[in-house]
Amino acid sequence: MKKLLSVAGAALLTALAAVFALGQPAQAATGFSVSNGRLYDANGVEFVMRGVNHAHTWYPQQTNSFRDVKALGANTVRVVLASGDRWTKNSAADVANVISLCKANRLICVLEVHDTTGYGEDGAATTLAKATDYWLSIADVLKGQEKYVIVNIGNEPFGNQGYSAWTTDTSNAIKQLRAAGLTHTIMVDAPNWGQDWSFTMRDNAGTVFAADPQRNTVFSIHMYGVFDTAAEISDYLGRFRAAGLPIVVGEFGFNHSDGNPDEDAIMAYSQANGIGYLGWSWSGNGGGVEYLDMTTAFNPAQLTSWGQRIFNGANGIAATSREASVYASSTPTASPTTSPTASPTVSPTPPPATTPPPSGGCTATYTVGNSWQGGFQGEVKVTAGAAAITGWTVRWTYANGQSVTQAWNASVSNSGSAYTARNVDYNGRLGAGASTSFGFIGTSQGTNSTPAVTCTPA
């Protein structure tokens, strides 16, 4: 991100140029892989990206951002890197540290080279071949991280000129990475500043996928002003689904100077169809698109309206994100090479507290999903009993001085250490046995014991 787009007169095509019948490879044992248009982690469990973009290369000191986006529920962070062709090169040591930060915070890292943005139209941009050279120069820190890292070759690799070369250049880059021994899932961005109004990626995705000898490539569309209606969004994403080709929304926003994208439709369609999305961006935007910051000055306690929407709104990250299963059985041992304040100290997770299951009414289960020095992320799952309910109230009391500083999907209040959470308008009605959940960020002063919780139906 970014440059304003020139897309006047762009119209949707009525059909794919071809429907590709492509065989799928066997599940790779070492890392992520693609099968039948879906992304699977190293355990063979389907993984749907829910996360944000973070401009690491311009704000390398903001290493707490990895902790903070995880605390808000993200399972993936797309990290902006530079190859040295336009911005200062991120060294192999820096990239290794970024990967360690992702692993320490149980995030999947999508690493991208930003120097390619708008090539052919922006004279300062570089080629996909140059981006490929960068990946090969840091291959040693990428190899062995296939469970945790996806390589996004180049951001928005063509502008609105010269994009007919996208298919050949992208295919060649993939083949060169494979020949060098990189077996990671590869992500490729669309041309036209990522928005593919020419449908170059859409109509040639099958050719590019087939060029990968491992059949382990994911396509990334960036949705801004070109995608301002639900019909355009569902048509574009649906064609990839119908063709059995993997697609993610690698960037999108709630507004843009080139038009007003329909973020509600993007998130709803993605959730309904198991498609990953990564919003732009955590913080630090400039050049007239500062409104795309999700936080004010990288402060997770100061979410903007866009930040509230993507994290805590309908079909948002907090409600739909699921952590990659590769983190389920063990805590990563890799340590980032930053100062102690730059990365979290993960504390043991307290056991969940659950109300006894009644014959009717509702139950509530309190869990801590992630902890760090001085804080934690909590979640409460509410489940209706033998009969449907029209609302619910959950109560608990902290014993160790904890406090809730931010909550989503519930209205939370307190009187001292006693907390009350009530449903909001869209999650109060639950059928018999149905569940919903709400989440929050809290502070702690060392001990963080799990409180008993009660649930009362309306």
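Residues numbered from 1 in each chain as written. Predicted model: local features only at pLDDT ≥ 70, side-chain atom pairs only at ≥ 80, totals over all residues. Heavy atoms only, no water.

**Concerning the packing of aromatic side chains**
Working step 1: A complete count under the given rule lists 26 aromatic pairs for this structure.
Working step 2: Note on Trp282 and Phe311: the rings are 5.9 Å apart at their centroids and 90° apart in plane angle, and the pair reads as edge-to-face. Linking Trp282 in the loop between strand S10 (276-279) and strand S11 (295-296) with Phe311 in helix H9 (residues 305-312), this pair joins segments that are 29 residues apart in sequence. Like Phe311, Trp282 is buried.
Working step 3: These aromatic residues form a ring-pair network of at least three members: Tyr366, Phe376, Trp392, Trp396, Tyr398, Tyr419, Phe438 and Phe440. (Phe/Tyr/Trp six-rings, centres within 6.5 Å; stacked < 30°, edge-to-face > 60°. Helix = DSSP H or I, 4+ residues; strand = E, 2+ residues; numbered from the N terminus. Buried < 20%, exposed > 50% of the residue type's maximum accessible area, 1.4 Å probe, protein only.)

**Observations concerning the confidence of the model for the protein chain**
Working step 1: Of the residues in the protein chain, 86% have a pLDDT of 70 or more, and the chain-wide mean is 87.
Working step 2: Ignoring residues within four places in sequence, the model shows residues 2-29, a span with pLDDT below 50, making 63 contacts including any to other chains.
Working step 3: Of the regions scoring below 50 in pLDDT, residues 329-351 engages in 40 contacts with residues more than four places distant in sequence or in other chains. (pLDDT = per-residue confidence, 0-100. Contact = heavy atoms within 4.5 Å.)

**Let's talk about the nonpolar core**
Working step 1: Leu111, Trp135, Leu142, Ile153, Phe219, Ile221 and Leu237 are the most contacted members of the largest nonpolar core, which totals 97 residues.
Working step 2: Leaving out residues up to four positions away in the same chain, Leu111 has contacts with Val79, Leu81, Val95, Val98, Ile99, Trp135, Leu142, Val149, Ile150, Val151 and Asn152.
Working step 3: Within the second largest apolar cluster, 22 residues are counted, among which are Tyr366, Ala384, Val394 and Val453. (Core = buried A, V, L, I, M, F, W, Y, C linked by side-chain atoms within 4.5 Å.)

**Re the state of the cysteines**
Working step 1: Overall, the coordinates contain 2 disulfides when judged by the stated rule.
Working step 2: Bridging Cys102 to Cys109, the disulfide has an S-S length of 2.0 Å. Here Cys102 and Cys109 share a disulfide; its torsion about the S-S bond, 70°, makes the bridge right-handed.
Working step 3: Relative accessible area serves as the criterion here: at 1%, Cys102 is assigned to the buried category.
Working step 4: Across the protein chain, the way the bonded cysteines pair up, counted in sequence order, is 1-2, 3-4. (Disulfide = S-S within 2.5 Å.)

**Brief notes about helix H1 (residues 64-71)**
Working step 1: With 7 of 8 residues buried, H1 lies mostly within the body of the structure.
Working step 2: Turning to H1, its buried residues number three or more, namely Ser65, Phe66, Arg67, Asp68, Val69, Lys70 and Ala71.
Working step 3: Positive backbone phi, approximately 115°, marks Gly73, located one or two places after H1.

**Considerations on the pairing of strand S5 (residues 108-113)**
Working step 1: Within S5, 6 of the 6 residues are buried, which leaves it mostly tucked inside the rest of the structure.
Working step 2: Burial along S5 is two-sided: the face carrying Ile108, Val110 and Glu112 and the face carrying Cys109, Leu111 and Val113 are both buried.
Working step 3: Looking at chain direction, strand S4 (residues 76-81) and S5 are connected through 6 bridges and run parallel. By the bridge assignment, Val80 is partnered in S5 with Glu112.
Working step 4: Where the polypeptide runs from S4 across helix H2 (residues 92-104) and back to S5, its parallel neighbour, the crossover connection is right-handed. (Pairing = 2+ DSSP bridges. Right-handed = clockwise from strand over helix to strand, strands pointing away.)

**Section: the sheet that holds strand S3 (residues 50-54)**
Working step 1: Taken in spatial order, the 8 strands of this closed barrel run S3-S4-S5-S6-S7-S8-S9-S10, and their pairing is parallel. On average, each strand axis in the sheet is tilted by 25° relative to the strand beside it, whichever way the strands run.
Working step 2: The pairing of strand S6 (residues 149-152) with strand S7 (residues 186-189) spans 2 bridges and is classified as parallel. By the bridge assignment, Val151 is partnered in S7 with Ile186.
Working step 3: Here H9 sits on the sheet in contact with S3, strand S9 (247-252) and S10, set at roughly 160° to S10. (Axes fitted to C-alpha atoms, helices over the stretch in contact; angles between N-to-C directions.)

**Some thoughts on the side chain of Ser83**
Working step 1: Tracing the chain through its elements places Ser83 in the loop between S4 and H2.
Working step 2: Looking at Ser83, its side chain comes within polar contact range of the side chain of Asp85, at 2.6 Å.
Working step 3: Ignoring any residue separated from it by four or fewer positions in sequence, one finds Ser83 in contact with Lys89, Val113, Asp115, Thr126 and Tyr134. (Polar contact = N/O pair within 3.5 Å; in protein donor to acceptor, adjacent residues only side chain to side chain.)

**Topic: the pattern of salt bridges**
Working step 1: Counted by the stated rule, this structure contains 13 salt bridges.
Working step 2: Note that Arg67 and Asp68 form a salt bridge whose closest N and O atoms lie 3.0 Å from each other. Take Arg67 and Asp68: they sit in the same class, and that class is buried.
Working step 3: Close ionic contact of Asp212 with Arg178 constitutes a salt bridge, the shortest N to O distance being 2.9 Å. Highlighted residues: Asp212 in the loop between helix H6 (200-211) and strand S8 (217-223) and Arg178 in helix H5 (residues 166-179), separated in sequence by 34 residues. We note that Asp212, like Arg178, is buried.
Working step 4: Here the salt bridges share partners, and the residues they tie into one network are Arg78, Glu112, Asp189 and Glu251. (Salt bridge = Lys/Arg side-chain N within 4 Å of Asp/Glu carboxyl O.)

**Considerations on the environment of Gly431**
Working step 1: Summarising the element assignment, Gly431 is placed in the loop between strand S19 (418-422) and strand S20 (435-443).
Working step 2: Residues Gly431 and Ala388, spaced 43 residues apart in sequence, show a C-alpha to C-alpha distance of 4.2 Å.
Working step 3: Leaving out residues up to four positions away in the same chain, Gly431 has contacts with Ala384 and Ala388.

**Details of the side chain of Arg178**
Working step 1: Its relative accessible area of 9% is what places Arg178 among the buried residues.
Working step 2: Side-chain polar atoms of Arg178 contact the backbone oxygen of Leu182, separated by 2.8 Å.
Working step 3: Only 2.7 Å separates the side chain of Arg178 from the backbone oxygen of His184, close enough to count as a polar contact.
Working step 4: Discounting residues that sit within four places of it in the chain, Arg178 has contacts with Thr183, His184, Ile186, Asp212, Pro213, Gln214 and Asn216.

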